[in-house]
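Breakdown of the fold
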Amino acid sequence: AVKCCLQKSFSFLLYADDDIFSSAFCENSEKLINVHLFALAAKYYSLSNFGVCTPLEDVLEALKGDSEGATGIKPDEFMNNKKSHEVQVMSELVDSLAHYCGIKQVIDIGSGKGYLSSFLSMQYNLKVYGIDCSSSNTNGAHERNRKLKKHWRAYQSRGKENLKSQSLEMANDRPVEHELNCKTINEELLNNASSLQNQGQVIVQDLVPSCGFTEMAALEANAETEAGLVTGTQSHETKLSEEVLAVLNVLPVDAVEDFSLSHCNCGELCEEEKVQRKMTSLKTKARKSSESNLYLPLTSCITAETELSDIITDLEDCMMVGLHTCGDLAANTLRIFTAKPEIKAVCSVGCCYHLLSEQFENQEECRDQVWGFPMCQYLKDKGWCCGRNARMSACLALERVAVGQMLPTESLFYRAVLQVIIEEIYGVTKSDRHVGKTFSKSSSFIDYVRRSLKKLELDDSKLPDSCIMDYYEKYKHRINELEAFNMLKVVLAPCIEVLILLDRLCYLKEQENIAWSGLVKLFDPVKSPRCYAVIALKNQSCS
């Protein structure tokens, strides 16, 4: 099925023989003569129409079964809307994959400043190694982790004040609790504590040290039967500690200060509260010993030949993830996954297709090199090449344009005229240097050209302002043509992206050690245009 879709995409990009869609182009000149038909054809050959994607909901249901997801602070507390959306959706999927495979170690390739890594470690209690080739990104990740700990203190303080005020309100409104209630709760918790200690370990997920919970629960239970006492107590604890629970579920214990009962004027502690304090202390010690490095940012350049054990000394059964891995890094992530037996699953969202290396783009290049595209044997046998212009088009965001977020036509026009200038005045047709985001820093077209020439290390003194403006005036009447051309590129973008994504999926289908692989639409494409994840699971027998 994947090869069939790949064949369709491949054929369309070669001007398919289909009588309906081929009539969008002139038979002799091969020029576009029917824009509407072209748009319909592009939609027909897009990934959403092929039916090869697995719905995210189906994947989560298959992985989770009857288990419930974690609850906690949403990442929008610490990230912008786009990054928050990506991290929240992807982290839930990664946690489900890790749980399904029975693993706790995650390797985040191209981790950047650690948005996904830190959230996976704190929200889902996974041990995450974030690997990035940029030391500045790694340092930024360390700094971000430090700031998260500072944020915790603010949440902790706010949670204390809320709990204290609610405790006082309830204490003033209701009578003092009698000893029988405390005894009933005490027996329940002591039994639980004894059971855990007999097992030689402490497993506490949702127990929160609290002040006044026993008294408040008992006061509420004054009108209840003895049999319903524990249920009533738990419901009140949940209600009153909602904010604190949310934070505790996100941050590891060793990253924060203890929420100590000694700060509250609770009076004499009953047995139930003593057990709570003991359990919390045991939990803190246990987790500090085993989770002192829940998230560790590392600096290293990852290639297809990278030995992860040289980077991660305590490498164990794990999974690899990548949120918008750039260029060849997405392809190399999949290659490492298939080659290393300890990596049981992969979830990779690629981006920056224009930075992919192509095997058949420059024939003079070394043929033994590991290329970013194509990956699968099917396209290699075809000798298929997209080219940089097509890969650049694949990066465009059709869904954003469709909702009114138009292309930056003026900056594209500046860039197009600049290229004419450097070709005609300087005789330069190719350069390893890049103009970058010069447009946003420029006050005019003249300023843009001069800034750009300096970045390209070209002498701008030989080019007077009047000459620069002559070029501008010469081409400004064609700006509408440029906009129309770029809109056609936007329409075609999904068709090129589908070729790259299906190539990666087909590569995984060709491997014998893969139990399941698929494409999943993770994100809202308006918020995050590169929204498709390549996911795979190894055969359980692979070791």
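Residues numbered from 1 in each chain as written. Predicted model: local features only at pLDDT ≥ 70, side-chain atom pairs only at ≥ 80, totals over all residues. Heavy atoms only, no water.

The protein chain goes by MET25 protein in an unreviewed UniProt entry, where it is assigned to Nesospiza acunhae.

**Describing the nonpolar core**
Applicable threshold: Grouping buried Ala, Val, Leu, Ile, Met, Phe, Trp, Tyr and Cys residues that are joined through side-chain atoms within 4.5 Å yields what is termed a nonpolar core. Only protein chains enter the accessibility calculation, which uses a 1.4 Å probe; a residue is then buried when its area is under 20% of its type maximum, exposed when over 50%, and partly exposed in between. Segments assigned H or I by DSSP are reported as helices when at least four residues long, segments assigned E as strands when at least two residues long, and all are numbered from the N terminus.
Within the largest apolar cluster, 86 residues are counted, with the highest numbers of intra-cluster contacts made by Met90, Leu93, Met319, Cys347, Leu502 and Leu522. Considering each element in turn, this core owes the most residues, 11 residues, to helix α22 (residues 479–509). With 22 residues, the next largest nonpolar core counts Val417, Leu418, Phe445 and Leu482 among its residues.

**Focus: the environment of Leu505**
Going by this rule: Every residue pair with non-hydrogen atoms within 4.5 Å of one another is taken to be in contact.
Along the chain, Leu505 turns up in helix α22. The spacing of Leu505 and Val2 is 503 residues in sequence and 7.6 Å in space, taken between C-alpha atoms. With near-sequence residues (within four places) excluded, Leu505 lies in contact with Val2, Ser517, Gly518 and Leu519.

**A few points about helix α20 (residues 445–455)**
Among all positions in α20, only Phe445, Ile446, Tyr448, Val449, Arg450, Ser452 and Leu453 are buried. Residues of α20 that are buried make contact with α19 (409–424) and α21 (465–475). Following α20 by one or two positions, Glu457 has its phi on the positive side, about 55°.

**As for unusual backbone geometry**
Glycine aside, a negative phi is what most residues show, and trans is what most peptide bonds show. Here Phe373 and Pro374 are connected by a cis peptide whose omega angle stands at -5°. Note that Pro374 resides in the loop between β5 (343–351) and α16 (377–382). For Glu30, which is not glycine, the phi torsion reads 60° and is therefore positive. When you line up the elements, Glu30 lands in the loop between α2 (19–22) and α3 (35–44). What makes Glu30 partly exposed here is its relative accessible area of 48%. In the Ramachandran plot, Glu457 falls in the positive-phi region, its phi being about 55° despite a non-glycine side chain. Mapped onto the elements, Glu457 comes out in the loop between α20 and α21. Among the residues examined, Glu457 registers a relative accessible area of 55% and is labelled exposed.

**Structural notes on helix α5 (residues 56–64)**
For clarity, the cut-off: Think of the arc as the fan of directions from the helix axis to the C-beta atoms.
Taken as a whole, α5 has its buried residues at Leu56, Val59, Leu60, Leu63 and Lys64. Considered in projection along α5, the buried side chains sweep an arc of 110° and stay on one side of the axis. Away from its buried face by more than 90 degrees, α5 exposes Glu57, Glu61 and Ala62. Buried positions along α5 lie against α6 (81–101), β6 (514–521) and β7 (532–538). Gly65, located one to two residues past α5, shows a positive phi value of around 65°.

**Observations regarding the confidence of the model for the protein chain**
Operational definition: Per-residue confidence from the predictor is reported as pLDDT, a score between 0 and 100.
Averaged over all residues, the pLDDT of the protein chain equals 76, while 64% of them reach at least 70. In the model, residues 175–267 has pLDDT below 50 throughout and makes 137 contacts with residues more than four positions away in sequence or in other chains. Across residues 285–293 the pLDDT falls below 50, and counting only partners more than four positions away or on other chains, this stretch makes 9 contacts in the model.

**Notes on the environment of Ala493**
Here Ala493 is to be found in helix α22. Sequence separation of Ala493 and Ala42 is 451 residues, and the distance between their C-alpha atoms is 8.5 Å. For Ala493, the contacting residues outside a window of four places in its chain are Ser393, Ala394 and Leu396.

**Brief notes about the sheet that holds β5**
What counts is decided by this rule: At least two DSSP bridges between two strands are needed for those strands to be called paired. Helix axes are fitted to C-alpha atoms over the stretch in contact, other axes to C-alpha atoms as well, and angles between N-to-C directions run from 0 to 180 degrees.
Strand order in the open sheet formed by 7 strands is β3-β2-β1-β4-β5-β7-β6, and the pairing between neighbours is mixed. Looking at strand neighbours, the two that pair on one side only are β3 (295–299) and β6, the edges of this open sheet. The average angle at which neighbouring strand axes cross in this sheet is 15°, direction not considered. As defined by bridge partners, strand β1 (residues 105–109) adjoins strand β2 (residues 127–132) across 5 bridges and the pair is classed as parallel.

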